[in-house]
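Residue-level listing of the chains:
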Amino acid sequence: MNKKPYLETMPDQNGYFGRFGGAYIPPQLEKPFAEITKAYNKLSKSHNYISELRSIRKHYQGRPTPVYYCKNLSEFVGGGQIYLKREDLNHTGAHKLNHCMAEGLLAKYLGKKKLIAETGAGQHGVALATAAAYFGLECEIHMGEVDIKKEYPNVVRMQILGAKVVPATHGLKTLKEAVDSAFEAYLKDTDTQMFAIGSVVGPHPFPKMVRDFQSIVGFEAKEQFKEMTGNLPDVVAACVGGGSNAMGIFSGFIDDEVKLYGVEPMGKGDKIGEHSASLTYGKEGVMHGFNSIMLTDENGEPAPVHSIGSGIDYPSIGPEHAYLSSIGRTNIGLCNDDEAVDAFYKLSQHEGIIPALESAHAVAFAMKYAQEHPNESILVNLSGRGDKDIDFIVENYPIPKKSN
Ligand SMILES: Cc1ncc(COP(=O)(O)O)c(C=O)c1O
């Protein structure tokens, strides 16, 4: 008998991937989350919903995004062959729009008036503000004060698109605090607002829903790579914050003999507060409504985290990543701030593609891996473009001379 495809087997009905996931929510959220789960289960099989989403992806987002062979960078590195899945070319410049348009469509079917969410680098916020404009919904985005300064171009984009940007002013004032703040605002009115979380995190059904919406990246990439090369890649790699772009591309290859690497940010070092490598250094715990692996301080509270990529400095990781890593299906790659900046400039100067700092982590990993494995091919999910990072980078890291 044929084995069921992995994606049909996980998560279980209660949103568990093995022991990870679930929905650890206050009683007042049980009803609205059950409503979202029921609607998603119905709509994901509805002809009208699927064909509307397909049409949006093609005519509005510009999908499929291409797979591109980095000839120059591969030759420069002098090893294996590096390919990119160009999610930076998705409308709004990152993979986030894949789940935002689907979540917006879901909100519309549910008769909601407003989309509400957190954002780190601002890419999810921009994508959700775009979806809200498209579907005629209001939009409120919570963002840490520190990220507001760092990713200012995205703040202005959200405002131009009609969204209200609410600063999160407590704690470290970055991504975790933005999630806290967005949850709090959502709790005040779950009838007219829809929470549209920005990654494969949060309580069930979000990790499953966001993965399913992002799986288009992997399905396209598999077909495109096979058409280009006649084979599958040896390795697929993606940076991991919450893990949506990684789960998106992994989804296409999960039942194949392809090595999967989620690249975690090592930031400035291996001490608590210097990195956000949740799987590498974390332990099991519950945060933001789901059980996963997380970084904690000495009191068991979410630890302070750091990464140069504002979208990946999160002290936990999507439960499916915790599960896949625990069963040995996925591997962890590491990349620190300096390596990410180096890859940011190398990809820009050798290929004419300026990556988001988050995505640069996966590129840096691919460059190292290619050097060490000259006979292998590596497909990287280039999750976003780097326009939002330009001001910050040039102020802090002088533009290097191109090396040959
Ligand atoms: C370009 C880009 N890549 C990656 C991420 C990390 O999110 P995830 O791990 O959910 O893909 C972000 C988050 O803002 C992002 O903007």
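Okay, so let's go over this structure. Nothing here was measured: the structure is a model prediction, and the numbers come from that model. (Residues numbered from 1 in each chain as written. Predicted model: local features only at pLDDT ≥ 70, side-chain atom pairs only at ≥ 80, totals over all residues.)

**Here's the deal with the overall build of the chain**
A count of helical and extended segments in the chain gives 16 helices and 14 strands. Taken over the C-alpha trace, the chain has a radius of gyration of 19 Å; the compact-globule value for 404 residues is 22 Å, and the two agree within 12%. Dimensions of the chain, computed from the C-alpha atoms along their principal axes, are close to 60 × 55 × 40 Å. Expressed as a percentage of the 404 residues in the chain, the buried residues total 57%. (Helix = DSSP H or I, 4+ residues; strand = E, 2+ residues; numbered from the N terminus. Rg over C-alpha atoms; globule rule 2.2 N^0.38 Å. Buried ≥ 20, exposed ≤ 12 C-beta atoms within 10 Å, placed from the backbone.)

**Side note on the pairing of strand 12 (residues 290-294)**
Of all five residues making up strand 12, five are buried, and the element is well covered by its neighbours. Across five bridges, the pairing between strand 11 (residues 283-287) and strand 12 is antiparallel. Opposite V286, over in strand 12, you have N291 as the bridge partner. Linkage of strand 11 to strand 12, two consecutive antiparallel strands, is achieved through a turn of two residues, within which H288 is found at a positive phi near 50°. (Pairing = 2+ DSSP bridges.)

**A word on the nonpolar core**
In terms of nonpolar packing, the biggest core is built from 116 residues, with L115, L128, A237, A366, I378 and V380 touching the most fellow members. It is helix 15 (residues 357-372) that provides the largest number of residues to this core, a total of 10 residues. (Core = buried A, V, L, I, M, F, W, Y, C linked by C-beta atoms within 7 Å.)

**Thoughts on the sheet that holds strand 3 (residues 67-69)**
Strand-to-strand pairing in sheets goes through backbone hydrogen bonds, with the strands running parallel or antiparallel. The sheet built from six strands is open, its strands ordered 3-4-14-9-10-13 with mixed pairing. Of all the strands in the sheet, the pair left with one neighbour each is strand 3 and strand 13 (330-336). For this sheet, the mean inter-axis angle between neighbouring strands, taken without regard to orientation, is 30°. Inspection of the sheet shows strand 9 (residues 235-239) paired to strand 14 (residues 377-382) by three bridges, in the parallel sense. (Axes fitted to C-alpha atoms, helices over the stretch in contact; angles between N-to-C directions.)

**Things to note about the site of the ligand**
What surrounds the ligand is a group of 20 residues, the closest being Q123, G241, S244, G311 and G384. Among the secondary structure elements, those contributing two or more residues to the shell around the ligand are helix 6 (123-135), helix 11 (244-251) and helix 15. Of the residues assigned to the shell around the ligand, the class counts are six nonpolar, 13 polar and one charged. (Near = placed C-beta within 6 Å. Nonpolar A, V, L, I, M, F, W, Y, C, P; charged D, E, K, R; others polar.)

**Topic: the sheet that holds strand 8 (residues 193-195)**
Judged by pairing direction, the sheet is parallel, and its four strands sit side by side in the order 7-6-5-8 without closing on themselves. Strands with a single pairing partner mark the edges of an open sheet, and in this sheet they are strand 7 (164-168) and strand 8. Looking at each pair of strands side by side, their axes are set apart by 25° on average, direction ignored. Direction of pairing for strand 5 (residues 114-119) relative to strand 6 (residues 138-144): parallel, over a ladder of six bridges. Bridge pairing in strand 6 links A117 to I141.

**A short note on helix 10 (residues 206-229)**
Compared with an ideal rise of 1.5 Å per residue, which puts 24 residues at 34 Å, helix 10 spans 35 Å between its outermost C-alpha atoms and is within 8% of the ideal. Where helix 10 bends most, at F213, the angle is about 35°. One or two residues past the end of helix 10 sits G230, with phi positive at roughly 80°. (Expected span 1.5 Å × (residues − 1). Bend = angle between axes of the 7 residues up to and from the residue.)

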